[in-house]
Amino acid sequence: MNYAELIENAMKGRPTLAMSKLWGLPNSTLVKYVKGERMPDFNTALKIVKEAGVDPAVAFEALAEEERNHKSKNFKLQLQDNGGPPVSRTRHQRIMSPLL
């Protein structure tokens, strides 16, 4: 099972607005989960897993794979942006980067 299937199984054809209320999160956040633009925190992931009726170990693997894909995609985008390898920055440097 992949991440998209996990979310689809949990939603059971219901709209994101209904599910976001059930899970106690903003609808815009759930939409980002559905699109694969954002990953849920552990508590929300557990709610999704329970709603989907999936073994938490299987769901954990799906979430881990999605995170790896997301990081790989971001790495490739960074390479395209500047033509070289991405530069590792501290949290402070990332926050201050528009000023540097």
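Caption draft 1: Representation of the nonpolar core in the model. In terms of nonpolar packing, the biggest core is built from 17 residues, with Leu6, Ile7, Trp23, Leu30, Tyr33 and Ile48 touching the most fellow members. Of all the elements in the fold, those that place two or more residues in this core are α1 (3-11), α2 (16-23), α3 (27-35), α4 (42-52) and α5 (56-82). If one sorts the elements of this core by residue count, α1 sits on top with 5 residues. Once residues lying within four places of it in the same chain are set aside, the contact partners of Leu6 are Met1, Ile48, Ala52, Val54, Ala59 and Leu63.

Caption draft 2: Just the packing of α2 against α3, in detail. For the pair α2 and α3, the least separation of the axes is 9 Å and the interaxial angle reads 110°. Relative to α3, the element α2 is oriented roughly perpendicular. Here α2 runs over α3; the crossing is right-handed. Within the contact between the two elements, α2 uses Thr16, Leu17, Met19, Ser20 and Trp23 and α3 uses Asn27, Leu30, Val31 and Val34. Tallied by class, residues from the contact of α2 with α3 come to 6 nonpolar, 3 polar and no charged.

Caption draft 3: A look at α4. All buried positions along α4 are accounted for by Thr44, Ala45, Ile48, Val49, Glu51 and Ala52. All buried residues of α4 lie within an arc of 165° about the axis, which places them on one face of the element. Turned more than 90 degrees away from the buried face of α4 sit Phe42, Asn43 and Lys50, all of them exposed. Capping the start of α4 is the job of one residue whose side-chain oxygen sits 3.2 Å from the backbone nitrogen of Asn43: Asp41. Gly53 sits one or two residues past α4 and shows a positive phi near 70°.

Caption draft 4: View of the confidence of the model for the protein chain. In this model, the protein chain carries an average pLDDT of 80, and 72% of its residues clear a pLDDT of 70 or more. Considering each helix and strand of the protein chain separately, the mean pLDDT is smallest for helix α6 (residues 91-96), with a value of 52, and largest for α2, with 94.

Caption draft 5: Spotlight on unusual backbone geometry. In this structure, Lys12 is a non-glycine residue whose phi angle is positive, near 50°. Tracing the backbone shows Lys12 in the loop between α1 and α2.

Calculation criteria
- Along each chain, residues carry numbers from 1 onward, in the same order as the chain's sequence is written.
- Residue-level local features of this predicted model are given only where pLDDT is at least 70; pairs of side-chain atoms are given and counted only at 80 or more, and the full residue set underlies all totals for whole chains, interfaces and linings.
- To obtain the side-chain values, all non-hydrogen atoms of the structure were used and water was disregarded.
- Throughout, nonpolar core names a set of buried Ala, Val, Leu, Ile, Met, Phe, Trp, Tyr and Cys residues whose side chains join them through atoms within 4.5 Å.
- Three labels apply to residues, based on accessible area from a 1.4 Å probe with only protein chains included: buried if under 20% of the type maximum, exposed if over 50%, partly exposed otherwise in between.
- Helix and strand definitions follow DSSP, with helices as H or I runs of at least four residues and strands as E runs of at least two, each counted in order from the N terminus.
- Here a residue-residue contact requires only that any non-hydrogen atoms of the pair lie within 4.5 Å.
- Axis definition: a line fitted to C-alpha atoms, over the contacting stretch in the case of helices. Angles run 0 to 180 degrees between N-to-C directions.
- In this scheme, roughly parallel covers angles under 35 degrees and roughly antiparallel covers those over 145, while 65 to 115 is roughly perpendicular and the rest are oblique.
- For any pair of crossing helices, the crossing counts as left-handed if the nearer helix is rotated counterclockwise from the farther one by less than a right angle, and right-handed if it is rotated clockwise.
- By the convention adopted, Pro, Cys, Tyr, Trp, Phe, Met, Ile, Leu, Val and Ala count as nonpolar, Lys, Arg, Asp and Glu as charged, and the other residues, Gly among them, as polar.
- Think of the arc as the fan of directions from the helix axis to the C-beta atoms.
- Any N or O atom pair separated by 3.5 Å or less is treated as a polar contact, with the protein-specific requirement of one donor-capable and one acceptor-capable atom, and with residues adjacent in sequence counted only for side-chain atom pairs.
- The score called pLDDT rates the predictor's confidence residue by residue, from a low of 0 to a high of 100.

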